[in-house]
Every structure is written in structure tokens, then in C-alpha cells.
Amino acid sequence: MAGENAVRLRPPRNAVDRRAVGWWSAQCLLAAGLPAAVLAVLGLLIEPARTWLLGTAVVLVALGVACTAFFPAWWFRVHRWEVTDEAVYVRTGALWQEWRIAPMSRIQTVDTVRGPLEQLFGLATVTVTTASSKGALRVEGLDHELAADLAERLTALTRATPGDAT
Amino acid sequence: MTAGPEGEWRRLDPRTLLVTAAVFCGVAAGAGVPIAAGLAGGRPLWQAVAWVLAGAVLLVGGGTAADWVRCRRTRYRVGPDRVDLHTGLLLLKRRSLARDRIRTVDLTANPLQRVPGLVKVRIGTGESTGGGESTLELELVTRAEGERLRRELLARPAATGADPAHDGTLAVLDPRWIRYAPVSFVAPALGGAAAGAVLQVSEWFGAQAEVIDWIGDRFQEVSLPWMIVDLLLLATAAGAVGALGLWIEMWWNHRLEREPGGTLRVRRGLFTARSVTLEERRLRGVELVEPLGVRLLGAARVDAVATGLAEDDDEKHTDLKTLLPAAPRAVADRVAAEVLRETEPPTSAPLTAHPRAARARRLRWALAAVLLPAAVLALLGALLTPVLLYVAAGWTVVLAPLAVLLARDAYRSLGHTVSGGYLVTRSGSVRRATVALQRTGIIGWTVKQSYFQRRAGILTLTATTAAGEGAYDVLDAGEDQGLALADEAVPGLLTPFLVRAGTPEARSTAR
């Protein structure tokens, strides 16, 4: 396989913030915990179906805990980003990994989003869109001040690069 | 009308009302006959007819009056910089398009509209944002006015100058191409729809059981399997006839032209005349589409890959991007080359094959798609009834070879190359598509690898673009192949992120 001019994509330079692990874990736990809580409450109220409902809730919680133990650490190793003067380069995913590259001259908008959980962890997500309906890049789990600086820098870079981005 | 510096306000053609009235008459007749038949059961015939007539008059009169108000309240003007449309009775809508953003002016006219010589005009900016906000519809104006708008709004100082080698008619429909209509996927769909319609209509009249009995009587002397085969053949034949009719309606008088100034124009349609105009600078490439049946006959369809076309998903605008219906492969290649102003068609460039791992992947998917349902059936059969075991066996015996054939064909379809200014990629078996995408139209890369792809050393490279579907895939290319292709197609973009395989940096992929 690895011939003379075999090449690979190198990982982007920067890791995401350490706190992202906590944020992802919280997301996993909430995603499993909320339905489990609803099922548990129903299970306590509805006598005949108690075993089924409580059983499902326990399975959900177990799944959530397993995912929390496994995925956030993996995501943290994979999720990386890099901004050069020419391009934005992002790697995401775990089982399915994705490397996305968008040249600076084709970037149309740069947004920062902070959901309630992200605010709790002091994090932000930067979304970079191009004219393609399928070409958006998302950098999750950045420190929110870093994210704001990054968005500002990207906007300035984009403005300095000519072209109509299509 | 006031004529300011912004141009003169114009109105829709008053004969629009005739068309509207005709449409409402049709609706009234369609709904009135069954209602009259229903009412006539309980009371004298003349009474039922009178009731229905009164309702019809109310409907037609009301509908036409509403349309009259709409016509009165609608006006548009073409200024030096902008096109404005004001419409609406209570909710005033004012839409204004900058003229230098207008990319398409499409004219359509259905048979009713063609009798008085009217057309519907759609003026679009080709922007991908905001569904209908970027189009302006005039319903209806005279054909001459429509043509005037089209010429005026799309008239540009010819940037490229006249190009006698490429201007003029690029393709004219050859009636013999109708032979590709019955093998398209439209035919079985129409056949199924016809069979469904027979049952549905008979159910409305409570005669479904009789229809089924009648069919049973026709086939009294043949066995059940043969009856099913016969009925399937019948439905297929009906579908084929329908596909022929549809093809004639859609593609009659088809003509693909390039007009001076750099616009492509497709004109077609037997009853509903359509004229679709596409500005060449929105063109980012072409796609050669070969559905299985059409491909077996050696034919292909040519679609445009252009910005701002795919977003018009209201109505059935998917056929707007088709430049040439299924035609012999050589013709399709020639048209693709001429549309792109190339001497050699990039769509017929020799393609690089993909690694064997891609083939193994396709075979695994195909077999899984057949064997998983078979396993479920077999399990149920073991638990419930042995009949399901036979079904599972039959399913596997019939479908497994078919799936393997399709998988091997899908692998043979895979291919990619860089040909001149184009990135060419091909994939698909049931619907094989060859995309030639301008390298300058690529606005980013996505490299995807699943866990299994990483182990097999293959990746899916996706070129994102502002045009067409927004992204075009090179499926399951070798890791070196794919990255080298991306690096070659858009020089410099990927280079800073590539390293030689075997260096420690390259190995730090988190598996």
C-alpha cells in the first residue's frame, strides 16, 4: 500500500479545550438520563408495567454511562482544528472520522454559537460556512474567548481575501 | 401608468382571467358530475343538476373574481438596476430583485395558457438562501412580453465575444431517442400507479371485489403464478406506454442552444412548452446520468451542475437541470463537451480504478442486504411456520446472485481522474453518474473514513461546491490515490496538511 509517494493527512495542530470532555460527558449523560428519568417516574406511577419501564430505564442509564466512559475521551483525541492564512482545517468524528478543509477565499460566514450547556462549561462552537450547502465546518468545544478571537480573525482574513466565494 | 426613471409599471395580461375561468370550469365539471350523480339518487334529476350548476357558477365566478382582483393588484416594472413586483390584496407583497443578480428567466405555458398565447415567467437570482424569496413569478403575460423580459434581463455585454465554434444549436431532439423512454424507471412506476389506480377507482364505486373477480375469471384456465406473471407484464406494458407518452409530452421539440452572451437555453414540451435559460457563468460542470436500463442500451442523460438550480424544490423542478434527455452515449459526450466549451468531453476521459477493498466492501453490503432479511425470515420461520423458510430460501436464491452482480458492477463503475480543468468522478450501478466538475468550482474538501475504511486503507473524498448537490463524492478511493487526486485537482489547498506516510506525524491518527 505505502508506495514511494504515499501521503497521509496530518492531524490539525490544535486540540480542543480540555473542558470539552466534561461537556460531551454531560451531553451523553443528559441524553440517556432524561428519558430514563421519565421512564422511571412512569414506572413508579404505573404499577402493571413497572418492571418493563424500570428495566428500560436501567438499560438506558447503563448505556449512557458506558458511552460517557468511552466516547468523550475518544472524541477529544480526534477533534482537532487549525487555521492557516489560506485555509481552515478541521478533524472530527470517532468511528466515522472526517477531515474538512475550506480555503479562506471561499468562506462566506463565521458564526459562534453557545448553547446553555456550553456556557456552563465556558465553551463555544465556531461554524464556518461556504457557498456549498454541504460544506460547513464546525469546531466544537473551544474556549469561548478563544472562539470569539478565532471568529474575529477568520472574519478579518475572509474580508482581506478577494473573490465572491462561489 | 406612471413612467419614472425606474421604468414603466406594467400589468399582467387580462386574458389571464380566461385561463383562470377555464381552470375553474374544469374543476367544477370534475367535481360536479359525481356530485350530481350522488344527489340524483334522492331527488329528481333536474333538481340535482340545478343545485350543481348553481354551485359551479358560484365557484367559477368567485374564483375568477378573486383572480381579477389579483391581476388588478399586481404590477411589475423593469428598471435600470432593479426589477420590482408588487402584489397582494390585504397583505401587500413587494419584491425587488437586483438586475445584476438575475440568473434565470424561465418561461412555461401549459396547453390552456398556450391557446391565448400566454406564458408564466419565473425570474430567479439563483441564490441558495431563502426558499422563494429569490424568485419572482409573473402569472401570466403574453408570450412576446415573456420573450422581451427574458432577452432584456439576461442581456449582458458579451464577455467572451461571439464564439462561432460553440454558439448556436448544440443539440436537437432525435425522435428515435424515444426508444430509451420505456426502459427508464418511470415505466415500472407508472405501471404500478396504473394498477393501483384501477383498484382505487373501483373501490370508490364499491366495485373492487367485482373487478378482482372479473380479472380472476379472465385467467380461469391458467395457474396462479402465471396469472401473476401475466398481470405484471400487463402493468409493465401499461407503464411503458405511459412512459412513451410522458417522454413525448416532456421532450417534444427539445432544443439546446447557446445564445450570444453566454447563456444556455433548453426549449421543450409538446403540450406544456417550457423554456429554461441558464447563465453559463453559473455552470460548474456537467453530470452524465445513466440509469441501469438506459445504460444497457448505451445511452446517457446530460444534467447541468449549476449554482442556484437545486434549491427550487417546490413543484417538480428537478428536471430543470436536464440539458439533454437520454441519448446515445456518443451524443451525450459531445453535448457535454460543447456545453463546457471543450474539444474533448471530460466525461469520457479514461478513469483510474479504485482498490480491491472497494469491491469487497460493495460485495459485503450487497450480501448483507440480501442475507439479513433472509435470516430474519428464517428465524421467524423456525419459530412460527415452515412456509417462511421456503420464502427465505427463495429470496436468497433469487436475490443473492443479483446483488453480487450489482455489487461487481458498482465496483466497475467507480473511477476518478483529473482531465484538463475538470475533476471527473463516477459511481453507482442502478443509477450510474459521471460528474465532471470544474476544478475552479471546488470550494473545499471533505475526507471521510469509517472504522472499516481506515482498516482497509480507503477513504471517501468529497469535493464541496456551490453548484448542484453541493458536494460530489469520490467513493472508496485508495488513501494515496484520493489525497493525490485532491492535491492535483486544487493545487496548494491540501499540500500544507499532507505528510509522507510512515513519519510519526502521519501515524498519530486516533484509531
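Refer to the structure above for everything that follows.
Residues numbered from 1 in each chain as written. Chains lettered and ligands numbered in written order. Predicted model: local features only at pLDDT ≥ 70, side-chain atom pairs only at ≥ 80, totals over all residues. Heavy atoms only, no water.

*Asks:* Which residues make up the packing of aromatic side chains, and what are the values?
*Replies:* On inspection of all chains with the given rule, the structure shows eight aromatic pairs over all chains. Ring plane angle 10 degrees and centroid distance 6.2 Å describe the contact between A:Phe71 and A:Trp74, whose orientation is recorded as stacked. Here A:Trp74 and A:Phe71 lie together in helix H2 (residues 50–78), a separation of three residues that amounts to about one turn. Classification of A:Trp74 as buried rests on a relative accessible area of 6%. In textbook terms, an aromatic cluster arises when at least three aromatic residues are bridged by ring pairs, as seen for A:Trp23, A:Trp24, A:Phe70, A:Phe71, A:Trp74 and A:Trp75. In this arrangement the basic side chain of B:Arg75 is found over the ring face of B:Trp9, its NZ or CZ atom lying 4.4 Å from the centre. (Phe/Tyr/Trp six-rings, centres within 6.5 Å; stacked < 30°, edge-to-face > 60°. Helix = DSSP H or I, 4+ residues; strand = E, 2+ residues; numbered from the N terminus. Buried < 20%, exposed > 50% of the residue type's maximum accessible area, 1.4 Å probe, protein only. Lys NZ or Arg CZ within 6 Å of the ring centre and 35° of its normal.)

*Asks:* Can you tell me about the nonpolar core, naming the residues and giving the values?
*Replies:* Residue and element names in this part refer to chain B. Among the nonpolar cores identified, the biggest contains 34 residues, and Leu256, Leu283, Leu323, Leu324 and Val339 are the most heavily contacted of them. Taken together, the elements giving at least two residues each to this core come down to strand S10 (168–172), helix H7 (224–251), strand S12 (263–268), strand S14 (283–291), strand S15 (299–306), strand S16 (322–328), helix H9 (329–339) and strand S18 (422–427). Looking at which element gives the most residues to this core, the answer is S15, with five residues. The residues that make up this core include at least three from each of domain 2 (168–173 + 252–348) and domain 4 (356–507). Not counting residues within four places of it along the chain, the set of residues in contact with Leu323 comprises His254, Leu256, Val266, Leu278, Val302, Asp303, Ala304 and Val339. (Core = buried A, V, L, I, M, F, W, Y, C linked by side-chain atoms within 4.5 Å. Domains from an automatic or database assignment. Contact = heavy atoms within 4.5 Å.)

*Asks:* Please provide a residue-by-residue account of the interface of chain B and chain A, values included.
*Replies:* Contacts between the two partners involve 37 residues from chain B and, on the opposite side, 39 residues from chain A. Summed over both partners, the interface of chain B with chain A comes to about 3300 Å²; 56% of that surface belongs to carbon and sulfur atoms. On inspection of chain B and its partner chain A, the count reaches two salt bridges. One salt bridge connects A:Arg8 with B:Glu479, and the closest N-O pair in it is separated by 3.1 Å. Counting every contact that joins chain B to chain A gives 15 residue pairs in polar contact (both at pLDDT 80 or more). Counting residues per element, the ones that place at least two in the side of chain B that touches chain A are strand S20 (442–449), helix H12 (451–456), strand S21 (458–465), helix H13 (479–489), strand S23 (498–500) and helix H14 (504–507) of chain B. Per-element accounting of the side of chain B that touches chain A gives the leading share, eight residues, to S20(B). In the side of chain B that touches chain A, the residues fall into 17 nonpolar, eleven polar and nine charged. Alignment of strand S5 (residues 97–103) of chain A against S20(B), held across five bridges, turns out to be antiparallel. Counterpart to A:Arg100 in the pairing with S20(B) is B:Thr446. (Buried area = accessible area lost by both parts, 1.4 Å probe. Salt bridge = Lys/Arg side-chain N within 4 Å of Asp/Glu carboxyl O. Polar contact = N/O pair within 3.5 Å; in protein donor to acceptor, adjacent residues only side chain to side chain. Nonpolar A, V, L, I, M, F, W, Y, C, P; charged D, E, K, R; others polar. Pairing = 2+ DSSP bridges.)

All quantities given are derived from atomic positions and should not be read as evidence of function.
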